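Observations on the model geometry
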Amino acid sequence: MKKYYSILAILAISLVACNKESNSQVSSIHEALVENGLKYIEIAVSQEKPVDPETKATLSDVSMAFGPGDQIAVLATKDATTAPVTLTYLRYEDSKVIFGGSVDEEATISPYAYYPASIATSTERVINWPTTIDGSKVQVPMIAYLNKEAGSARFQHLGAIAKIAVANCPVGASKLKFTANTNITGGYTVSDFKTGTPIVSASGELTGATITATIDGNGTYYIPLPVNSNSGSSYANFQFALINSAETYYYEQKTATESFGPFARRSIVNFGTLTYDVDQIEEWYLASLLTNWETGYKYNRFIKTAANTYYLNSFNPEDDQWWTLYDKDKNMWLTEGNTYWDGDISKVNGSFNRQGAINKTFWIRLDYNGGSGTWHYSSGNWTSNSDRAWSTGYVKLSISGLGTYNLSRARDDYAANYSWMYENLVIPTNAQYSFKFILNWNGADGNDAESGVSGSLDLTDSCPYGQFEWAGANAMTATLTSGKYNVYLDLADLNFMFVKQPYSD
């Protein structure tokens, strides 16, 4: 008589010797494996539901439950050698999920199971926190004690769950990357629990700070975060980023500016929505005699200075006192009734007139009112012309580790060189960079002025604009993701911004 082995999850681990005819719960394919010196294992499992601490409700939608394609692991030992064995999802039966697989018939199975299977190591209760996961599922590491006396094995969470929605996802963005400000991935040891709650602690020096989830367009995704089992864990200065499959381009990144937590084991942490907007900055342009009336000429782009505010300084020559406001689609905007100094603007074909203010520097401010969905225009003259831009020899941008770049000025014939720009600045890696602007007065050597700040100025992709002063004591920094940027500078008010460009091969 041939031997057939089965571990039926109702007993968690139990070996049964029987003949082919009596083993009706084992399929023919599993019976064939038995004949090759293998024993067949089935484990029935359940799992504790994660909890939203804000609502105290548990989540039990399909993304939270085991299903086809899922795998768990157990450890099998033979001849003093231990290795993980993968069991695959088979079916849903009597409120339990059945996993099954085969192992050497002489192997001993340890009393713990691991999910996902990839976290298991050759050491009992030592796991590797995952660095890549399926974002559509809650693949937070879990462990189950295989109690032979119980009806099934119950998986328990070993960490918290970051929940984030992705909106307006661009074509090509296939991963959602979480980066902590300290190492969080590597080996973790789980306490030898049989009842109660598993306690998790780092088994050695942690080695990585990132966890990457695969995504598929707009939707809600989940990333597992390791936490202290007793007191929970807080996270600060972390980042979420939308990236391409090769992880060479960051479409969007959000950086936390405060600490969050502490997060408890099995808790769901809602981080809101990551909305893709490659620019994050509205496009407004000035066209006038200074730009040869080129529609939306790129060098005279308004610079963002606050969440809903944009500034630009320009010059009104004696020859022509008219100028035009354009958006990115080259639509003309004007105030109702041609109120040229203050008022709400709308898409109207027409130009502004600075009658009575020739040969003057003037400022323009655009403010967006989210409540009404309207843009407000205001403007005024400088009390005297700005002396920062007249007869400027050059303006350069110096970035630590990358080099120095010569900016180009707006097309004009009146020496009012307020608007400057550098196109396609290449940022090779996702990192923090120190930078400064260098101005040469009158083209004379040794007459450079360098930008700085009296306090601190730390830009990020989610707030890539600022204002500086000349000869400031402190350097400016920018945490920018890899890609290409256009840099805009207004010498009158010393406003500037980095604008990331859309991805291209």
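1. What to know about the overall build of the chain
Tallying secondary structure elements over the chain gives 1 helix and 44 strands in all. Taken across its 505 residues, the chain has 52% of its residues classed as buried. Considering only contacts within the chain whose residues lie at least 6 apart along the sequence, 67% involve residues at least 24 apart. Surface exposure of the chain reaches about 22,100 Å², of which carbon and sulfur atoms provide 46%.

2. Some thoughts on the packing of aromatic side chains
Overall, the coordinates contain 35 aromatic pairs when judged by the stated rule. Plain terms: the ring middles of phenylalanine 238 and phenylalanine 240 are 6.0 Å apart, the flat faces sit at 85° to each other, and that makes the pair edge-to-face. Across this residue pair, the class does not change: phenylalanine 238 and phenylalanine 240 are buried. Seen in terms of ring centroids, phenylalanine 437 and phenylalanine 468 are 5.3 Å apart; in terms of plane orientation they differ by 25°. Their pairing is stacked.

3. Observations regarding the sheet that holds strand E13 (residues 159-167)
Adjacent strands of a sheet pair through backbone hydrogen bonds, lying either parallel or antiparallel. Judged by pairing direction, the sheet is mixed, and its 3 strands sit side by side in the order E18-E13-E23 without closing on themselves. Of all strands in the sheet, those bounded by a partner on one side alone are strand E18 (219-226) and strand E23 (268-275). For this sheet, the mean angle separating the axes of adjacent strands, direction not counted, is 25°.

4. Thoughts on the nonpolar core
By size, the foremost hydrophobic cluster in this structure holds 73 residues, and its most contacted members are Phe155, Leu176, Phe178, Ile223 and Phe240. Ignoring anything within four residues of it in the chain, the contact list for isoleucine 223 reads Ile133, Ala160, Ile161, Ala162, Leu176, Phe178, Ile211, Ala213 and Phe240.

5. Here we look at the sheet that holds strand E21 (residues 250-255)
Pairing in this open sheet of 5 strands is mixed, and the strands run E10-E17-E14-E20-E21 from one edge to the other. Each end of this open sheet is capped by a strand with a single partner; those strands are strand E10 (132-134) and E21. Each neighbouring strand pair of the sheet contributes to a mean axis angle of 20°, computed without reference to strand direction.

6. Describing the pattern of salt bridges
For the structure shown, the criterion picks out 15 salt bridges. Between aspartate 104 and lysine 78 there is a salt bridge, with its nearest N and O atoms 3.1 Å apart. With aspartate 104 in strand E7 (residues 96-104) and lysine 78 in strand E5 (residues 71-78), this residue pair connects regions lying 26 residues apart in the sequence. For lysine 78, a relative accessible area of 28% corresponds to the partly exposed category.

7. Some words on the environment of tyrosine 310
Within the secondary structure layout, tyrosine 310 lies in strand E26 (residues 309-316). Tyrosine 310 sits in the buried class, given a relative accessible area of 2%. When the C-alpha positions of tyrosine 310 and tryptophan 284 are compared, they lie 8.4 Å apart, and in sequence the two are 26 residues distant. Those residues in contact with tyrosine 310 that sit more than four places away from it in its chain are Ile281, Glu282, Phe302, Ile303, Lys304, Thr305, Ile364, Arg365, Leu366 and Trp375. A polar contact of 2.9 Å, which involves the side chain of tyrosine 310, links it to the backbone nitrogen of glutamate 282.

8. Some thoughts on the side chain of lysine 177
Summarising the element assignment, lysine 177 is placed in strand E14 (residues 175-179). For lysine 177, a relative accessible area of 13% puts it in the buried group. Residues within four places of lysine 177 in sequence aside, it is in contact with Thr210, Ile211, Thr212, Gln239, Phe240, Ala241, Ile243, Glu247 and Tyr250.

9. Here's the deal with the confidence of the model for the chain
The predicted structure's coordinates, where accompanied by low pLDDT, should not be read in detail. Here the chain averages 81 in pLDDT, while 83% of its residues score no lower than 70. Scored below 50 in pLDDT, residues 1-33 shows 68 contacts in the model against residues more than four places distant or in partner chains. Taken as a whole, residues 55-63 scores under 50 in pLDDT and shows 18 contacts with residues more than four places along the chain or in a different chain.

10. Details of the pairing of strand E32 (residues 374-381)
Bridge analysis of strand E29 (residues 342-347) against E32 gives 4 bridges, and the strand direction is antiparallel. Of the residues in E32, the one forming a bridge with glycine 343 is tyrosine 377. Pairing geometry for strand E31 (residues 360-369) and E32, over 8 bridges, is antiparallel. Bridging across to E32, aspartate 367 finds its partner in histidine 376. The turn linking E31 back onto E32 is made up of 4 residues, and glycine 373 within it adopts a positive phi angle of 70°.

11. Side note on the pairing of strand E11 (residues 142-145)
Burial along E11 is two-sided: Met142 and Ala144 facing one way and Ile143 and Tyr145 facing the other are all buried. Inspection of the sheet shows strand E8 (residues 108-115) paired to E11 by 4 bridges, in the antiparallel sense. Its bridge partner being in E11, tyrosine 112 is matched across the sheet by tyrosine 145. Where E11 meets strand E12 (residues 153-157), 3 bridges bridge the pair, whose relative direction is antiparallel. Residue pairing in the sheet places alanine 144 in a bridge with phenylalanine 155 of E12.

12. Digging into unusual backbone geometry
Here the amide bond leading from tyrosine 115 into proline 116 is cis, since omega sits at -10°, within 30 degrees of zero. Cis rather than trans, the peptide bond between glycine 261 and proline 262 has omega equal to 5°. As for its placement among the helices and strands, proline 262 is situated in strand E22 (residues 260-263). Positive phi values are uncommon outside glycine, yet asparagine 168 reaches one of about 55°. A positive phi angle is found at leucine 494, which is not glycine, with a value near 60°.

Definitions and cut-offs
- Residues numbered from 1 in each chain as written.
- Predicted model: local features only at pLDDT ≥ 70, side-chain atom pairs only at ≥ 80, totals over all residues.
- Heavy atoms only, no water.
- Helix = DSSP H or I, 4+ residues; strand = E, 2+ residues; numbered from the N terminus.
- Buried < 20%, exposed > 50% of the residue type's maximum accessible area, 1.4 Å probe, protein only.
- Contact = heavy atoms within 4.5 Å.
- Areas by Shrake-Rupley, 256 points an atom, 1.4 Å probe, with all protein chains shown as cover.
- Phe/Tyr/Trp six-rings, centres within 6.5 Å; stacked < 30°, edge-to-face > 60°.
- Pairing = 2+ DSSP bridges.
- Axes fitted to C-alpha atoms, helices over the stretch in contact; angles between N-to-C directions.
- Core = buried A, V, L, I, M, F, W, Y, C linked by side-chain atoms within 4.5 Å.
- Salt bridge = Lys/Arg side-chain N within 4 Å of Asp/Glu carboxyl O.
- Polar contact = N/O pair within 3.5 Å; in protein donor to acceptor, adjacent residues only side chain to side chain.
- pLDDT = per-residue confidence, 0-100.

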